[in-house]
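Structural overview
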Amino acid sequence: MKTNSTENNNLPYGEKKRGLSVVKIGGNVIEDSVALDKFLTLFSKIEGPKILVHGGGKLATQLANKLGIASQLVNGRRITDGESIDIITMVYGGLTNKTIVAKLQAKSCNSIGLSGADGDAIQAHKRPVKEIDYGFVGDIDGINSELINSLLKIGLTPVFCALSHDGQGQILNTNADTIASEIAIGMGEKYETTLYYCFEKKGVLLNINDENSVVTHINTAKYKELLDQKIIADGMLPKLENCYHALHHNVHKVCLGDLEMIHEDAQLFTTITL
């Protein structure tokens, strides 16, 4: 994955990389006003530079239904036709993104809302048609890490929605987990990046029926063991694959858990390393 950064990656002798937190939240937090407010309070208190990435698929589906536009899903993945990309752009880049930014401003976290088109932040191409035509869905080609770094340097917190662009004027619906991962990778040249995936579980669970059976640390050997035991499977499998993709491409560590994970005293979540 290329990054559009012209900075020298070699830091002066003895100088350590500064920490950067890249946090992704999903619809289960966004759609719960109490949970969202709690999350944003915790997020605003994270020390040092930080970046927020959000989804919002359920809200887009709700608006589409109100407008009489049918949402098409294949194996849990959205088919993004011409009408759908209009809805997604309005919800992701408009309502959801600006609501989050406004709430962060109220918590003294000076933030700026962005799509991948803004400042050429996230470049992508339309996913090629194979067995399924996903429509206006983007696969990422590059991250403008120079732009993002310039925002961080002046004290702004970028808030990215799940939209990229193809450089030809077309907005593309893009997986928020992937955007978070690729931003963390792109910024890893300059920062020691930690990627946080906030979702409805407290982490990777040994027993799906026991919320507290969290595997607190997973390295490569443990990952293979959990795969063999079928503990990591189904919906958790692509999330872990995304985590290891990031770790193999200059991300320091990845953390999985619920919104409490970003509290400075949090202990019950999963940390993933090589």
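Coordinates for the structure precede this section.
All values reported here derive from a predicted model rather than from experimental measurement.

1. Examining the sheet that holds strand β12 (residues 191–198)
The eight strands are arranged β6-β9-β3-β2-β12-β14-β15-β13 in an open sheet whose pairing can be described as mixed. A strand with exactly one partner marks an edge of an open sheet, and here the two such strands are β6 (111–114) and β13 (217–218). Where strand β14 (residues 253–257) meets strand β15 (residues 270–272), three bridges bridge the pair, whose relative direction is antiparallel. Among the inter-strand pairings, C255 is bridged to a residue of β15, identified as T271. In this fold helix α6 (residues 176–187) packs onto β2 (18–25), β3 (50–54), β9 (157–160) and β12, with an angle of close to 170° to the strand it touches most, β12.

2. Looking at helix α5 (residues 145–153)
Listed as buried for α5 are S145, I148, N149, L151 and L152. Along the axis of α5, the buried positions cluster into a sector of 160°, meaning they face one direction only. Remark: G155 follows α5 within two positions and exhibits a positive phi of approximately 85°.

3. A few points about the pattern of salt bridges
This model, assessed by the stated rule, comprises seven salt bridges. Residue K222 is joined to E225 by a salt bridge in which the shortest nitrogen-to-oxygen separation is 3.3 Å. Residue K222 and its partner E225 are both found in helix α7 (residues 220–228); the two are separated by three residues, about one turn of the helix. In this structure E225 comes out as partly exposed when scored by relative accessible area, which is 35%. Through salt bridges that share partners, K24, D177 and K239 make up one connected network.

4. Description of unusual backbone geometry
With phi around 60°, S108 is a residue other than glycine that occupies positive phi space. With respect to the secondary-structure elements, S108 resides in the loop between α4 (82–106) and β6. With a phi angle near 65°, K230 is a residue other than glycine that sits in the positive phi range.

5. What about the packing of α7 against helix α8 (residues 236–247)?
Contact geometry for α7 and α8: axes closest at 13 Å, N-to-C directions at 160°. In terms of orientation, α7 lies roughly antiparallel with respect to α8. Two packed elements cross with a definite hand, and for α7 against α8 that hand is left-handed. On α8, the residues touching T220, Y223 and L227 of α7 are L237, L240, E241 and Y244. Partitioned by chemical class, the residues of the contact of α7 with α8 number five nonpolar, one polar and one charged.

6. As for the nonpolar core
Counting 51 residues, the largest nonpolar core has I51 and I183 as its most contacted members. Sort the elements by how many residues they give to this core and α6 lands first, with seven residues. Beyond its immediate sequence surroundings of up to four residues, I183 is in contact with V22, I51, V53, I122, I143, I148 and F160. In this structure, F39, V101, M261 and F269 belong to the second largest nonpolar core, which totals 24 residues.

What counts, and where the lines are drawn
- Residues numbered from 1 in each chain as written.
- Predicted model: local features only at pLDDT ≥ 70, side-chain atom pairs only at ≥ 80, totals over all residues.
- Heavy atoms only, no water.
- Pairing = 2+ DSSP bridges.
- Helix = DSSP H or I, 4+ residues; strand = E, 2+ residues; numbered from the N terminus.
- Contact = heavy atoms within 4.5 Å.
- Axes fitted to C-alpha atoms, helices over the stretch in contact; angles between N-to-C directions.
- Buried < 20%, exposed > 50% of the residue type's maximum accessible area, 1.4 Å probe, protein only.
- Arc of directions from axis to C-beta.
- Salt bridge = Lys/Arg side-chain N within 4 Å of Asp/Glu carboxyl O.
- Parallel < 35°, antiparallel > 145°, perpendicular 65-115°, else oblique.
- Left-handed = near helix turned anticlockwise from the far one by under 90°.
- Nonpolar A, V, L, I, M, F, W, Y, C, P; charged D, E, K, R; others polar.
- Core = buried A, V, L, I, M, F, W, Y, C linked by side-chain atoms within 4.5 Å.

Bear in mind that shape data such as this cannot, by itself, settle questions of function.
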